[in-house]
Amino acid sequence: METRRKAPCGQAASVGVPVGCVRIAKAALRYCTCVVLLSENVRKYIYMMKKISRRSFLQVCGITAATAALTACGGTAAQEMQSIQVFAMDTVMDLTAYGENAAAALTDASREINRLERLLSRTIDTSEISQINAGGAVTVSEETASLLAQAQTYTAATDGAFDVTIAPLVSLWGITTDSPYVPTQQEIDALLPLVGSEHLHLSGDTATLDDGCAIDLGGIAKGYASDRVAAIFARHGITSGTISLGGNVYVCGSKPNGQPWVVAIQNPRSDGYAVTVALMDSFAVTSGGYQRYYTAPDGTVYQHILDPKTGYPVESDLLSVSILCDNGTMADAYSTALYVMGSAGAQAFWRTHGGFEMILITTAGQVLYTPGLSEKITPTEGSGYEYVSIHP
């Protein structure tokens, strides 16, 4: 039985990662970002890293979100940059803000992220989600009730491709745990009837689950957290800053020099990144199955994103989906759902619903992007991908 592991921290250190980043690297051993912020310095650094292995690069990619934020303004000390790092929701999170209220904004943001984890995690016994999963009618906060209602809205919009009631199947497979397992068809069939938004009943501040069901907000919680941190930045008057919550990125305003932030979408197949996007005041969330997976004894690879309809890991013609919009919660939910749908389904969904931009990286070697990004994306030279604008 084999589970994927990243290269040891010593390898990252041997290629020039500062000693102060070791703690980041250790956390990145299991999780690293799909979307990272890049400055010119970081681009040069990644070019140098092409001589190292893919696993080492992925580890460095997990560090890049921290180091990029420190250099994204060009190193101008006068901009009064402040940054913090938080480990929550099983993710290394890096937040940076500029201006006289930066420190206060980051302190409030850190507190908010930790509060949300205590509220929404299904692995914390005292959380409202755990209480709902324990059974019976549960009185929840207005915030939790609202987020659950949003989740049901996204489930309906995506025809069940996004569904927070998938928790029993996630637990069965355990792909992101230390004990992954390939269940039998009989075991999957026994749990499939427990998946579906009809099993979650909301009435005012009361939430109830049908017997045997459970919910997991892992596909939406970090997106919601990024929305909340963005609101905190706005309240403190922050007009330049970045939020990197794993694969969930928010760029606030522009760089202090007035230029857009540069967000890189990781290449799922090799070192480096597939494309960069110039963004201002935008959320960018990427989902894909190429980083977190389990290799069974027979060599079959099972990636961590499950299809709520089949109960199996998604078999898609997509390597990754990136959603870019002004709503972090929606971007988080849609990035997962559209990955489940596949390329044709994702494009059809975008044409029908709109309200967001997207980048699809396909198994056929294409980077497909919506027309609204035409003036914002920069293909990566030598990536081997064909870059194609999606027809409206």
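Each value, and the rule that gives it
- All residue numbers here refer to positions counted from 1 along the written sequence of the relevant chain.
- For this predicted model, a pLDDT threshold of at least 70 governs which residues receive local features, and a threshold of 80 or more governs which side-chain atom pairs are given and counted, while totals over whole chains, interfaces and linings are taken from all residues.
- To get the side-chain values, take all heavy atoms of the structure and skip hydrogens and water.
- Secondary structure counts use DSSP, requiring at least four H or I residues in a row for a helix and at least two E residues in a row for a strand, with both numbered from the N terminus.
- The buried label goes to any residue with under 20% of its type's maximum accessible area, the exposed label to any with over 50%, and the partly exposed label to all in between, with areas taken from a 1.4 Å probe on protein chains only.
- Throughout, a residue-residue contact means that at least one pair of heavy atoms, one from each residue, lies within 4.5 Å.
- Pairing between two strands requires that DSSP report at least two bridges joining them.
- Simply put, an axis is a line fit to the C-alpha atoms, just over the touching stretch for a helix, and the angle between two N-to-C directions goes from 0 to 180 degrees.
- Multiply 1.5 Å by the residue count of a helix minus one, and that product is the helix's expected span.
- In this scheme, the bend at a residue equals the angle between the axes fitted to the seven residues that finish there and the seven that begin there.
- Whenever two N or O atoms come within 3.5 Å, that pair is a polar contact, provided that in protein one can donate a hydrogen and the other can accept it, and provided that, for residues adjacent in sequence, both atoms are side-chain atoms.

> Can you lay out the overall build of the chain for me, pointing to particular residues and giving the numbers?
Across its full length, the chain carries 11 helices and 19 strands. The buried share of the chain, taken over its 392 residues, is 55%. For the chain, the share of sequence-separated contacts (at least 6 apart) that also reach a separation of at least 24 residues comes to 65%.

> Provide a residue-level description of the sheet that holds strand β12 (residues 282–288), including the pertinent values.
Here we have nine strands laid out as an open sheet, ordered β3-β4-β8-β9-β12-β15-β16-β17-β19, and mixed in their pairing. Strands with a single pairing partner mark the edges of an open sheet, and in this sheet they are β3 (81–88) and β19 (386–389). Strand after strand, the sheet turns through a mean of 15 degrees between neighbouring axes, direction not considered. For β12 and strand β15 (residues 318–325), the ladder comprises six bridges, and the chain directions are antiparallel. Bridge pairing in β15 places S287 opposite V321. Sitting on the sheet, helix α5 (residues 102–120) touches β3, β4 (91–98) and β8 (240–245), and the angle it makes with β3 is about 10 degrees. Strand contacts of helix α10 (residues 221–235): β4, β8, β9 (248–253) and β12, with the helix running at about 160 degrees to β8, the strand carrying the most contacts.

> How would you summarise the sheet that holds strand β5 (residues 138–139) if you had to cite specific residues and measurements?
Across the sheet, which stays open at both edges, the three strands sit in the order β5-β7-β6 with antiparallel pairing between neighbours. Two strands close off the open sheet at either side, each with one partner strand: β5 and β6 (200–203). Where helix α7 (residues 142–157) meets the sheet, its contacts fall on β6 and β7 (206–209), and the angle it forms with β6 comes to roughly 130 degrees.

> Describe helix α11 (residues 328–353), listing the residues and the values that go with them.
With 26 residues, α11 should reach 38 Å at 1.5 Å per residue; the first-to-last C-alpha distance of 17 Å falls well below that figure. At G342, α11 shows its maximal bend, which comes to roughly 130 degrees. Counted residue by residue, α11 has 19 buried out of 26 residues, so it is predominantly covered. Its side-chain oxygen 3.0 Å from the backbone nitrogen of T329, N327 forms the N-cap of α11. Remark: G354 follows α11 within two positions and exhibits a positive phi of approximately 60 degrees.

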